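Residue strings, one per chain:
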Amino acid sequence: MSELKMHNGALLVPDCVTVPFITGDGVGAEIMPVCRSAVDAALQKAYGGSKRIDWREVMAGERSFHQNGSWLPDGTLDAFRTCRIGIKGPLTTPVGGGIRSLNVALRQTLDLYACVRPVRWFRGVESPLKEPWKVNMTVFRENTEDIYAGIEWKQGTPEAARFGRFLREEMGVKNIRFPETSSYGVKPVSVEGTERLVRAALKYALHHHLPGVTLVHKGNIMKYTEGGFRQWGYELAGREFGGSGLVVNDVIADAFLQNTLLKPEAYSVVATLNLNGDYLSDQLAAMVGGIGIAPGANINYATGHAIFEATHGTAPDIAGAGKANPSSLLLSAVMMLEYLGWTEAARLITGAMENCFSSGRATADLARFMPQGQALTTSAFGDEIIRRMRNED
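In this report, we go over the structure that sits alongside the text. (Residues numbered from 1 in each chain as written. Predicted model: local features only at pLDDT ≥ 70, side-chain atom pairs only at ≥ 80, totals over all residues. Heavy atoms only, no water.)

1. Digging into the overall build of the protein chain
Counted only if it meets this: Strands are runs of DSSP state E lasting at least two residues, helices are runs of H or I lasting at least four, and both sets are numbered from the N terminus onward. Taken over C-alpha atoms, the radius of gyration is set against a globule rule of 2.2 Å times the number of residues to the power 0.38. A 1.4 Å probe rolled over the protein chains alone gives each residue an accessible area, and that area as a share of the maximum for its type sets the label: buried under 20%, exposed over 50%, partly exposed in between.
Helices and strands together make up the secondary structure of the protein chain, namely 13 helices and 16 strands. Over its C-alpha atoms the protein chain spans a radius of gyration of 22 Å, differing by no more than 12% from the 21 Å that the globule rule assigns to 393 residues. Its C-alpha atoms put the protein chain at 75 × 50 × 45 Å along the principal axes. Here the protein chain holds 393 residues, and the buried ones make up 50% of them.

2. Notes on the side chain of Thr260
Where we set the bar: Distance and chemistry together define a polar contact, namely a pair of N or O atoms within 3.5 Å, with one atom able to donate a hydrogen and the other to accept it when in protein, and with adjacent residues in sequence counting only for side-chain atoms on both sides. The contact criterion used is simple: two residues touch if any of their non-hydrogen atoms lie within 4.5 Å.
Relative to the helices and strands, Thr260 is located in helix H8 (residues 253-262). At 2.8 Å, the side chain of Thr260 and the backbone oxygen of Leu257 are in polar contact. Once residues within four sequence positions are removed from consideration, Thr260 is found in contact with Met137, Tyr267, Gln283, Leu284 and Met287.

3. Focus on the nonpolar core
The tendency in soluble globular proteins is for nonpolar side chains to be buried side by side. To be explicit about the condition: The nonpolar core is taken to be a set of buried Ala, Val, Leu, Ile, Met, Phe, Trp, Tyr and Cys residues, with the residues joined through side-chain atoms within 4.5 Å.
With 93 residues, the main nonpolar core has Val39, Ile87, Phe140, Phe357 and Met389 as its most contacted residues. Looking at which element gives the most residues to this core, the answer is helix H1 (residues 28-47), with 10 residues. In contact with Phe140, not counting residues within four places along its chain, are Ala114, Cys115, Val116, Leu197, Ala200, Ala201, Tyr204, Val269, Val270, Ala271, Thr272 and Tyr301. Counting 14 residues, the second largest nonpolar core, distinct from the first, contains Leu102, Ala105, Leu112 and Ile307.

4. Thoughts on the sheet that holds strand E10 (residues 212-217)
In plain terms, the rule: Whether two strands pair depends on DSSP finding at least two bridges between them. Every axis in this analysis is a line fitted to C-alpha atoms, fitted for helices over the stretch in contact. Angles between the N-to-C directions lie between 0 and 180 degrees.
Overall, mixed pairing links the 10 strands, which are arranged E4-E3-E5-E14-E13-E6-E7-E12-E10-E11 in an open sheet. The two strands at the open ends of the sheet, each matched to only one other strand, are strand E4 (52-57) and strand E11 (247-252). Within this sheet the neighbouring strands show an average axis-to-axis angle of 25°, counted without direction. Relative to the sheet, helix H6 (residues 191-207) contacts strand E6 (114-120), strand E7 (136-142), E10, E11 and strand E12 (269-272), its axis offset from that of E7 by approximately 160°. Packed onto the sheet, helix H7 (residues 226-241) meets E10, E11 and E12 and runs at close to 165° relative to E10.

5. Structural notes on the layout of surface pockets
With a probe scaled to a water molecule rolled over the atoms, the places where space remains empty come into view. To be explicit about the condition: Within this scheme a cavity is a closed region of a 1 Å grid, computed over the protein atoms alone, that accommodates a 1.4 Å probe without allowing it to escape, whereas a pocket is open but has protein on both sides within 12 Å along at least five of seven lines; lining residues each have an atom within 4 Å of a point. Grid points are joined across faces, edges and corners, and a volume is the space filled by probe spheres set on the points. Classes in brief: Ala, Val, Leu, Ile, Met, Phe, Trp, Tyr, Cys and Pro nonpolar; Asp, Glu, Lys and Arg charged; the others, Gly included, polar.
As a volume, the largest pocket reaches approximately 1400 Å³. Forming the boundary of the largest pocket are 48 residues, of which Tyr204, His207, His208, Glu338 and Tyr339 lie nearest the centre. When contributions to the lining of the largest pocket are tallied by element, the ones reaching two or more residues are strand E2 (10-12), E6, E7, H6, strand E13 (295-299), helix H10 (327-340) and helix H11 (343-358). Grouping the amino acids of the lining of the largest pocket by side-chain chemistry returns 31 nonpolar, 11 polar and six charged. By volume, the second largest pocket amounts to about 350 Å³. Along the walls of the second largest pocket sit 18 residues, with Gly292, Ile318, Lys323, Asn325 and Asp365 positioned nearest its centre. Residues that form the lining of the second largest pocket fall into these classes: nine nonpolar, five polar and four charged.

6. A short note on the packing of H8 against helix H9 (residues 274-287)
The following threshold applies: Throughout, the term roughly parallel applies to angles under 35 degrees, roughly antiparallel to angles over 145, roughly perpendicular to angles from 65 to 115, and oblique to all others.
Between H8 and H9, whose axes approach to 11 Å, the crossing angle comes to 10°. Classified by the interaxial angle, the pair formed by H8 and H9 is roughly parallel. Here Ala253, Phe256, Leu257, Thr260 and Leu261 of H8 come into contact with H9, specifically with Asn276, Leu280, Gln283, Leu284 and Met287. Residue composition of the contact of H8 with H9, by class: seven nonpolar, three polar and no charged.

7. Concerning the side chain of Thr314
In this fold, Thr314 is placed in the loop between strand E14 (306-310) and H10. Residue Thr314 is classed as buried on the basis of its relative accessible area of 14%. If near-sequence neighbours (up to four positions away) are discounted, Thr314 is found in contact with Asp25, Gly26, Val27, Pro90, Leu91 and Thr92.

8. What to know about the packing of H1 against helix H13 (residues 378-389)
Across the interface, H1 lies against H13 with an axial gap of 9 Å and an inter-helix angle of 5°. Between H1 and H13, the angle falls in the class roughly parallel. On the side of H1, the interface is formed by Glu30, Ile31, Val34, Ser37, Ala38, Ala41, Ala42 and Lys45, while H13 contributes Thr378, Ser379, Gly382, Ile386 and Met389. Class assignment for the residues of the contact of H1 with H13 results in seven nonpolar, four polar and two charged.

9. Comments concerning the pattern of salt bridges
This is how the line gets drawn: Here, a salt bridge means any side-chain nitrogen of Lys or Arg that lies within 4 Å of a carboxyl oxygen of Asp or Glu.
Enumeration over the complete set of coordinates arrives at 22 salt bridges. Notably, a salt bridge pairs Glu309 with Arg107, separated by 2.6 Å at the nearest N-O pair. With Glu309 in strand E14 and Arg107 in helix H4 (residues 102-109), this pair connects stretches of sequence that are 202 residues apart. Here the salt bridges do not stand alone but share partners, grouping Arg361, Glu384, Arg387 and Arg388 into one network.

10. What to know about the packing of aromatic side chains
Applied cut-off: In this analysis, rings of Phe, Tyr and Trp, with Trp reduced to its six-membered ring, are considered paired at centre separations within 6.5 Å, and the interplanar angle assigns stacked below 30 degrees, edge-to-face beyond 60, and tilted for intermediate values.
All chains considered together, the criterion is met by 14 aromatic pairs. Among the aromatic residues, ring-to-ring pairing joins Tyr113, Phe140, Tyr204 and Tyr301 into one connected group.

11. Quick notes on the state of the cysteines
Just so we agree on the cut-off: Throughout, a disulfide means two cysteine sulfur atoms within 2.5 Å of one another.
Inspection of the entire model under this criterion finds zero disulfides. Distance from the sulfur of Cys83, which forms no disulfide, to the nearest cysteine sulfur (Cys16) is 11 Å. Cys356 takes part in no disulfide bond, and the closest cysteine sulfur, belonging to Cys35, lies 15 Å away.

Take a look at the structure:
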């Protein structure tokens, strides 16, 4: 086993890296083999075998539950902790009590505080925008606080009634319109949580020679949580990046959603809280062709732990039909290669994908909107990516 190490805040990457992977549920069984084959081919092409990945399958989700009775086995978490890196397909979330979401559980347990979602347009992909090439930004979404803390009390329970009484009788809250029939939720936002996310976004902007970071928030309404995020973000930027030349500004979340349609070129790196990030990352994905080509990563930059993932769901309606688009997972693997510093292999995959899209060759979800588009099966699309990386006719 070849594990990643951290030394003085830097990731030490051996030539052979052990990467645990979760195949996932639904279409995961079709897209994960395509992803692994494409990554292996890119590494071989770029480095001639001197760098490689030792893939190690671990279990989670519905498939895991049926095989061993656990939705998220301890061994899976141990593998991610030990290896520091991993990649996963889409997972089914159990219905009923227990784990709210397997994705959230992984992020919370491993403290993967930054959800990183780069969004860009690929030539050949249909977009609802007239000028989709202007969309090129990376969203840093806080992953451990805000609504992801999962602090709620259901209407009609003794806990909700007790919390309501506490707000009214001890905290002097007067504006709960229907206290007897309300559910309640708590939205924690901390100085530390804000600072580490904004710091990661600013370092990313510096590393990629981008002009600055935009803080997206609803501080006009939620003055101490979202407003605190804005204030603490500015303070961190001034204290630690004051002489960097980076421009830091902020915008209200609803205005940002409008602005991304009107002037997307104004934004390069975005830092925001959890719920805002959920909305805006999906809108941005729709602007460049859909969530099927939207990658994602969940990263703790202090410990080096990172899980890269398909951002879409399990799509049970097309599972096994060879129609699944592996692009989200492939581009997440590109992010993983970049995280390892293996940028030559990463560029091979993105270049081959854009070559395919420009030629009208894609899975059915994208090909149907392309002039002279040719719909390929999941595996055939993967083969096409590999062929183009190898420059084969």
